[in-house]
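Each chain, letter by letter, is given below.
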Amino acid sequence: MRLTLSKVSDDGELTTVKNAVTNSDGRTDEPLLGADEIATGTYEIRFEVAPYFAARGDTPDGVPFLGVVPVRFAIADASAGYHVPLLVSPWSYSTYRGS
């Protein structure tokens, strides 16, 4: 699944930080932000779910229910670990701060 990590400015503008693709385990091969890149602030990951489910044949009517899932979150402590998993099906999703 393709995804884009962006930094969100105080006025809501998005600046792309990194583009990535998840592996067969549903994870990126490396952290989206390395130890020298992580900074406090607000970020957004946009998960491109429609092409992922279309490639799997999970949109039988050809019209995906979900297209892009944006997850906006804040990093308050740049020295802490942040894991932002997306649990997704063709019709729903959830997320949480992982460990």
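Residues numbered from 1 in each chain as written. Predicted model: local features only at pLDDT ≥ 70, side-chain atom pairs only at ≥ 80, totals over all residues. Heavy atoms only, no water.

### A word on the nonpolar core
And step 1. Ranked by size, the top nonpolar core spans 18 residues in total, and within it Leu5, Ile45, Phe47, Val49 and Val69 carry the most contacts.
And step 2. Elements represented by at least two residues in this core include exactly strand E1 (2-8), strand E3 (41-48), helix H1 (49-55) and strand E4 (68-75).
And step 3. Looking at which element gives the most residues to this core, the answer is E4, with four residues.
And step 4. In contact with Phe47, not counting residues within four places along its chain, are Met1, Arg2, Leu3, Gly67, Val68, Val69, Val71, Val84 and Leu86. (Core = buried A, V, L, I, M, F, W, Y, C linked by side-chain atoms within 4.5 Å. Buried < 20%, exposed > 50% of the residue type's maximum accessible area, 1.4 Å probe, protein only. Helix = DSSP H or I, 4+ residues; strand = E, 2+ residues; numbered from the N terminus. Contact = heavy atoms within 4.5 Å.)

### Considerations on the pairing of E1
And step 1. With five of seven residues buried, E1 is to be regarded as a mostly interior element.
And step 2. In the sheet, E1 pairs with strand E2 (residues 14-21) via seven bridges, with the strands oriented antiparallel. Paired with Leu3 across the strands is Ala20, a residue of E2.
And step 3. As consecutive antiparallel partners, E1 and E2 are separated by five residues, and within that stretch Gly12 has a phi angle of approximately 90 degrees, a positive value.
And step 4. Where E1 and E3 come together, six bridges link them in antiparallel fashion. In the sheet register, Ser6 faces E3, and the bridge partner there is Glu44. (Pairing = 2+ DSSP bridges.)

### Things to note about the packing of aromatic side chains
And step 1. On inspection of all chains with the given rule, the structure shows two aromatic pairs.
And step 2. Centroid distance Tyr43 to Phe73: 6.0 Å. Interplanar angle 20 degrees. Geometry classified as stacked. With a gap of 30 residues between them, Tyr43 in strand E3 and Phe73 in strand E4 connect regions that are remote in the sequence.
And step 3. According to the relative accessible area criterion, Tyr43 is buried, its value standing at 2%.
And step 4. Its relative accessible area of 17% is what places Phe73 among the buried residues.
And step 5. Ring centres of Tyr52 and Phe53 lie 5.0 Å apart, and the angle between their planes is 70 degrees; on these two criteria the pair is classed as edge-to-face.
And step 6. Judged by its relative accessible area of 30%, Tyr52 falls in the partly exposed class.
And step 7. Overall, Phe53 belongs to the buried group, its relative accessible area being 5%.
And step 8. The ring of Tyr82 has Arg97 lying over it, and the distance from NZ or CZ to the ring centre is 4.0 Å. (Phe/Tyr/Trp six-rings, centres within 6.5 Å; stacked < 30°, edge-to-face > 60°. Lys NZ or Arg CZ within 6 Å of the ring centre and 35° of its normal.)

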